[in-house]
Amino acid sequence: MYQISEVSKLVGLSISTIRYYEKLGLIDTPIKNARGYKEYDEQIIQYLGFIVHLRDTEMPLDQIKTYVDAYKRNDYSSCYSILQEHEKRIELELRKRLQILEKVQYKISHFSNLKGGGK
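Here the residue numbers are simple positions, counted from 1 along each chain's written sequence. Note on the predicted model: pLDDT of at least 70 is required for a residue's local features to be given, and 80 or more for side-chain atom pairs to be given and counted; whole-chain, interface and lining totals, by contrast, use all residues. Side-chain numbers here rest on the full set of heavy atoms in the structure, without hydrogens or water.

**Focus: helix H3 (residues 42-56)**
Thought 1: Taking 1.5 Å per residue as the helical rise, H3 with its 15 residues ought to reach 21 Å, and the 21 Å between its terminal C-alpha atoms agrees with that figure.
Thought 2: Those residues of H3 that fall on the buried side of the exposure criterion are Ile-44, Ile-45, Tyr-47, Leu-48, Ile-51, Val-52 and Leu-54.
Thought 3: Contacts from the buried residues of H3 go to helix H1 (4-11), helix H2 (15-24), helix H4 (61-72) and helix H5 (76-114).
Thought 4: A distance of 3.2 Å separates the backbone nitrogen of Gln-43 from a side-chain oxygen at the start of H3, and that oxygen is part of Asp-41.
Thought 5: Positive backbone phi, approximately 65 degrees, marks Glu-58, located one or two places after H3. The secondary structure listing takes helices from DSSP runs of H or I that are at least 4 residues long and strands from runs of E that are at least 2 residues long, numbered from the N terminus. Helices are assigned an expected span. That span is 1.5 Å times one less than the residue count. Relative accessibility under 20% of the residue-type maximum defines a buried residue, over 50% an exposed one, and the middle range a partly exposed one, all with a 1.4 Å probe and only protein chains included. What makes two residues a contact is simply this: any of their non-hydrogen atoms within 4.5 Å. Pairing of N or O atoms within 3.5 Å defines a polar contact, subject to two protein rules: one partner must be a possible hydrogen donor and the other a possible acceptor, and residues neighboring in sequence count only if both atoms are side-chain atoms.

This is how it looks when you write it as structure tokens:
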């Protein structure tokens, strides 16, 4: 069992973020020990680690919540669908960013030709 400060260091989240995730229902509310301190178990730490991984993919918290809820219900089909939808959004965003990059590269090339090398 871990206290919140230890969990914070283990998963790389601030204490306030862990409390916020708890408030949102992304993780279960930990039990309190005899002194009234919340104690976090390995399962909560694993969920937090997974949430961090999903957040690193820029998945919105509401989708992470939907995913976590589906996972807890053993609704793996929904989990798979959520991940597929997220993948499609990332691919769309990537295509948009590549189009923007191509425009910027064209502008650089065009400017370079007009101004003798861009110097």
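**A short note on H4**
Thought 1: Taking 1.5 Å as the rise per residue, H4 with 12 residues should run 16 Å; its terminal C-alpha atoms sit 16 Å apart, in good agreement.
Thought 2: Inspection of H4 places Gln-63, Ile-64, Tyr-67, Val-68 and Ala-70 among the buried residues, and these make up the whole buried set. Down the axis of H4, the sector holding all buried residues measures 165 degrees, keeping them to one side.
Thought 3: The inward-facing, buried residues of H4 contact H3 and H5. In this description, the arc belongs to the directions extending from the helix axis to the C-beta atoms.

**Examining the packing of aromatic side chains**
Thought 1: Any two of the Phe, Tyr and Trp rings considered here, Trp counted by its six-membered ring, make a pair once their centres fall within 6.5 Å; the pair's planes then place it as stacked at under 30 degrees, edge-to-face at over 60, or tilted in between. As enumerated under the stated definition, the model contains 4 aromatic pairs in all.
Thought 2: A centroid spacing of 6.2 Å and a plane angle of 80 degrees characterise the contact between Tyr-47 and Tyr-71, whose relative ring orientation is edge-to-face. Remark: Tyr-71 occurs in helix H4 and Tyr-47 occurs in helix H3; sequence separation between them is 24 residues.
Thought 3: By relative accessible area, which is 13% here, Tyr-47 ends up buried.
Thought 4: Both rings, one in Tyr-71 and one in Tyr-76, keep their centres 5.7 Å apart while their planes meet at 65 degrees; by these two values the pair is edge-to-face.
Thought 5: The class for Tyr-71 is partly exposed, based on a relative accessible area of 37%.
Thought 6: Residue Tyr-76 is classed as partly exposed on the basis of its relative accessible area, which comes to 46%.

**Some details on the packing of H1 against H2**
Thought 1: Interaxial angle, 0 to 180 degrees, is taken between N-to-C directions of lines fitted to C-alpha atoms, where a helix line uses only the stretch in contact. One can describe the packing of H1 onto H2 by two numbers: an axis separation of 9 Å at closest approach and a directional angle of 100 degrees. As far as their axial angle goes, H2 and H1 are roughly perpendicular. In this structure, H1 uses Ile-4, Ser-5, Val-7, Ser-8 and Val-11 to contact H2, whose residues at the interface are Ile-15, Ile-18 and Arg-19.
Thought 2: Residue polarity follows a fixed list, in which Ala, Val, Leu, Ile, Met, Phe, Trp, Tyr, Cys and Pro are nonpolar, Asp, Glu, Lys and Arg are charged, and the others, Gly among them, are polar. Its residues assigned to classes, the contact of H1 with H2 comprises 5 nonpolar, 2 polar and 1 charged. Roughly parallel here means an angle under 35 degrees, roughly antiparallel means over 145, roughly perpendicular means 65 to 115, and every remaining angle is called oblique.

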